[in-house]
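# Observations on the model geometry
The lines below spell out each chain.
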Amino acid sequence: MSSKMMRGGYWDGPYSMTVMDVPQPDVGPDQVKVKVAYCAICENDVWISSGEFFEVQPPRILGHEFCGKIVEVGKDVKHYKAGDRVACNMQVFCGTCWYCHNGYEHFCQNIVQATGAFAQYAVVSEKACEHMPDDMSYEHGVFLEVTSAAMYSVERAEVKMGRSFAVIGGGAKAQLELMIGRQKGACPVICIDPSEVRRKKALEMGADYVIDPSSEDVQEAVLKITKGHGVDHVIESSGIPENCSLACDIAAACGTVNFAANYLPGTKCTLDLWQLRLMKQLRVHTSIQSPYLFERTMEYLPRMEVEKLITAIRPLEELNDAFLQQRDHEEFKILIKPWDEKID
Ligand SMILES: [Zn+2]
Ligand SMILES: [Zn+2]
């Protein structure tokens, strides 16, 4: 570890973040050191910080949706230099294992993680970086990772022009899925969420219809909107297990369903297999992360009005409160800003 220090936000217990002086991470030969402009709080970060997800445990610095300016590069780095503005993936894949060779890099057996980016600096492999266009703000570029996950989720739902599309849930990733689905030509686009704030945002992001499951019969409402067919492409983005069966219930015959949210280990749900196969012949998919999509996402990102989802920008020193704000309120994206000064 380097002897230089920085401010970093340590996750040290369930829903507890302590910001303190920590050593700056060292830069390996193929890595770059990024002065973090913003790191967004991801729904996954809040989920992980509960401690219920056994694979990741404290103490550690979280934060994986980040962008900033490169301040140092390792001796073998070829495509980046100090001063470059980049948005990053949290992990880099080996490119040589069976999974990487067969189109499933997100199941790579030799993943190297970036250092956590709820800190003033993060270190990451150059392979996990994407150059940001000169006219893209950091407030925009910080959406690279979550947008790539939304793109993958929409691709797995096989959304098509002129076909109906519904997203169950209205969090940040769900809102991006709605926007991408609409831009892909899906019609009509429907959002199902009990929160009025989220339904309102969904209309702003591209939904044609919103349904409140706490006061409406969802299936009835969907049939009315889709002229009795059901929805051709459904994404379950709420993380509520029962909504996986709801997704199949509202799907049209020969439609596609994609379960794209987090479910805790051991989560079970009951699906009506008679309906799923005999009555509908559904294609049921899941999606996790966004294999091979970062470059394409950076190409596409300028077209996405992602800033509409920023609900707060808070200094790193307020990380703990920001996490509680994300957990307890209907926030879309809270950006954490580790530096007082503006990074150009
Ligand atoms: Zn994320
Ligand atoms: Zn691999």
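Everything below is about the structure printed above this text.
Throughout what follows, the structure given in this document is the object of discussion. (Residues numbered from 1 in each chain as written. Chains lettered and ligands numbered in written order. Predicted model: local features only at pLDDT ≥ 70, side-chain atom pairs only at ≥ 80, totals over all residues. Heavy atoms only, no water.)

### What to know about the overall build of the protein chain
Test applied: Going along the chain from the N terminus, every DSSP run of H or I of four or more residues is numbered as a helix, and every run of E of two or more is numbered as a strand. The quantity called the radius of gyration is restricted to C-alpha atoms. Its globule counterpart is 2.2 Å times the number of residues to the power 0.38. Remark: exposure states derive from per-residue accessible area (1.4 Å probe, protein chains only) relative to the maximum for the residue type, with buried under 20%, exposed over 50%, and partly exposed in between. Per-residue accessibility takes into account occlusion by the displayed protein chains alone, with areas from the Shrake-Rupley method and a 1.4 Å probe. A positive count includes Lys and Arg, and a negative count includes Asp and Glu. His and the chain ends are not counted in either. Every charge is mapped onto a representative atom, which is NZ of Lys, CZ of Arg, CG of Asp or CD of Glu.
A tally of regular secondary structure across the protein chain gives eleven helices and 18 strands. For the protein chain, the C-alpha radius of gyration of 20 Å lies close to 20 Å, the compact-globule estimate for 344 residues. For the protein chain, the spread of C-alpha atoms along the principal axes amounts to about 65 × 40 × 40 Å. Every one of the 344 residues in the protein chain was classed for burial, and the buried ones make up 55%. Of the roughly 15800 Å² of accessible surface on the protein chain, a fraction of 51% belongs to carbon and sulfur atoms. Counting 35 positive and 48 negative side-chain charges, the protein chain places the averaged centre of each group 4 Å from the other.

### A closer look at a nonpolar patch on the surface
Using the following cut-off: Within the patch definition used here, like charges are joined within 9 Å and nonpolar side chains (Val, Leu, Ile, Met, Phe, Trp, Tyr) within 5 Å, considering only residues with over 30% relative accessible area and no salt bridge. Salt bridge, as used here, is a side-chain nitrogen of Lys or Arg placed within 4 Å of a carboxyl oxygen of Asp or Glu.
A cluster of nonpolar side chains, Trp 98, Tyr 99, Tyr 104, Phe 107 and Ile 288, forms an exposed patch at the surface whose accessible area comes to about 540 Å². Structurally, Trp 98 can be placed in helix α2 (residues 98-101). Judged by relative accessible area, Trp 98 falls into the exposed class, the value being 54%.

### A short note on the coordination of the zinc ion (ligand 1)
Spelled out, the test is: Metal-coordinating donors are taken as N, O and S atoms lying within 2.8 Å of the metal, or within 3.2 Å when the metal is Na, K or Ca; because water is left out, some sites can appear incomplete.
Only Cys 42 (SG), His 64 (NE2), Glu 65 (OE) and Glu 145 (OE) from the protein coordinate the zinc ion (ligand 1), and they sit 2.2 to 2.6 Å from it. Spacing between the donor residues of the zinc ion (ligand 1) along the chain follows C-x21-H-E-x79-E. One end of the pair, Cys 42, is in the loop between β3 (31-40) and α1 (43-49); the other, Glu 145, is in helix α4 (residues 144-156), and 103 residues separate them in sequence. Taking the relative accessible area as the measure of exposure, Glu 145 reaches 12% and is therefore buried.

### Considering α4
Formally: Take the residue count of a helix, subtract one, and multiply by 1.5 Å to get its expected span.
With 13 residues, α4 ought to run about 18 Å at 1.5 Å a step, and its terminal C-alpha atoms sit 18 Å apart, in line with that. With eleven of 13 residues buried, α4 is to be regarded as a mostly interior element. Taken as a whole, α4 has its buried residues at Leu 144, Glu 145, Val 146, Thr 147, Ser 148, Ala 149, Ala 150, Met 151, Tyr 152, Ser 153 and Val 154. Positive backbone phi, approximately 55°, marks Glu 158, located one or two places after α4.

### Observations regarding the coordination of the zinc ion (ligand 2)
Each donor-metal-donor angle in an ideal tetrahedron of four donors is 109.5 degrees, and each such angle in an ideal octahedron of six donors is either 90 or 180 degrees. Taken together, Cys 94 (SG), Cys 97 (SG), Cys 100 (SG) and Cys 108 (SG) make up the protein donors of the zinc ion (ligand 2), found 2.3 to 2.4 Å from the metal. All donors of the zinc ion (ligand 2) belong to a single chain; written as a sequence motif, their spacing is C-x2-C-x2-C-x7-C. Accessibility classification places Cys 97 together with Cys 100 in one group, the buried group.

### Considering the sheet that holds strand β14 (residues 231-236)
What counts is decided by this rule: Paired strands are those between which DSSP finds at least two bridges. Only the contacting stretch of a helix is used when fitting its axis, a line to C-alpha atoms as for every element, and angles between N-to-C directions run 0 to 180 degrees. Any two residues whose heavy atoms approach within 4.5 Å are treated as being in contact.
Ordered in space as β13-β12-β11-β14-β15-β16, the six strands form an open sheet in which the pairing is parallel. Every interior strand has two partners, whereas the edge strands, β13 (209-211) and β16 (283-286), have only one. The sheet shows a mean angle of 20° between the axes of neighbouring strands, taken without regard to direction. Where β14 lies against strand β15 (residues 251-259), five bridges are found, and the strand directions are parallel. Counterpart to His 233 in the pairing with β15 is Thr 256. Where helix α7 (residues 218-225) meets the sheet, its contacts fall on β12 (189-192), β13 and β14, and the angle it forms with β13 comes to roughly 165°.

### Observations regarding the sheet that holds strand β2 (residues 16-23)
Judged by pairing direction, the sheet is antiparallel, and its three strands sit side by side in the order β2-β1-β4 without closing on themselves. Since the sheet does not close on itself, it has two edges, and those belong to β2 and β4 (60-61), each with one partner. Bridge analysis of strand β1 (residues 5-13) against β2 gives eight bridges, and the strand direction is antiparallel. Bridging from a neighbouring strand, Gly 9 pairs with Val 19 of β2. Sheet contacts for helix α11 (residues 319-328): β1 and β2; angle to β2, the most-contacted strand, approximately 145°.

### Comments concerning the packing of α4 against helix α5 (residues 172-183)
What counts here: An angle below 35 degrees is read as roughly parallel, one above 145 as roughly antiparallel, one from 65 to 115 as roughly perpendicular, and any other as oblique. By convention, the crossing between two helices is left-handed when the near helix turns anticlockwise from the far helix through less than a right angle, and right-handed when the turn is clockwise. Lys, Arg, Asp and Glu make up the charged group, whereas Ala, Val, Leu, Ile, Met, Phe, Trp, Tyr, Cys and Pro make up the nonpolar group; the residues left over, Gly among them, are polar.
Running from N to C, α4 and α5 cross one another at 55°; their axes reach a closest spacing of 9 Å. It follows that α4 is oblique to α5 by the angle criterion. As for how α4 packs across α5, the hand of that crossing is right-handed. Here Val 146, Thr 147, Ala 149, Ala 150, Met 151, Ser 153 and Val 154 of α4 come into contact with α5, specifically with Lys 173, Leu 176, Glu 177, Ile 180 and Gly 181. Of the residues that constitute the contact of α4 with α5, the class distribution is seven nonpolar, three polar and two charged.

### Points about the state of the cysteines
As a reminder of what qualifies: Cysteine sulfur atoms that pair up within 2.5 Å are treated as a disulfide.
A full pass over the atoms with the stated rule returns zero disulfides. Between Cys 244, a free cysteine, and Cys 269, which holds the nearest cysteine sulfur, the sulfur-to-sulfur gap is 4.6 Å. Judged by its relative accessible area of 5%, Cys 244 is buried. Note on Cys 248: no disulfide assigned, nearest cysteine sulfur contributed by Cys 269 at a separation of 7.5 Å. Under the relative-accessibility criterion, Cys 248 is labelled buried at 3%.

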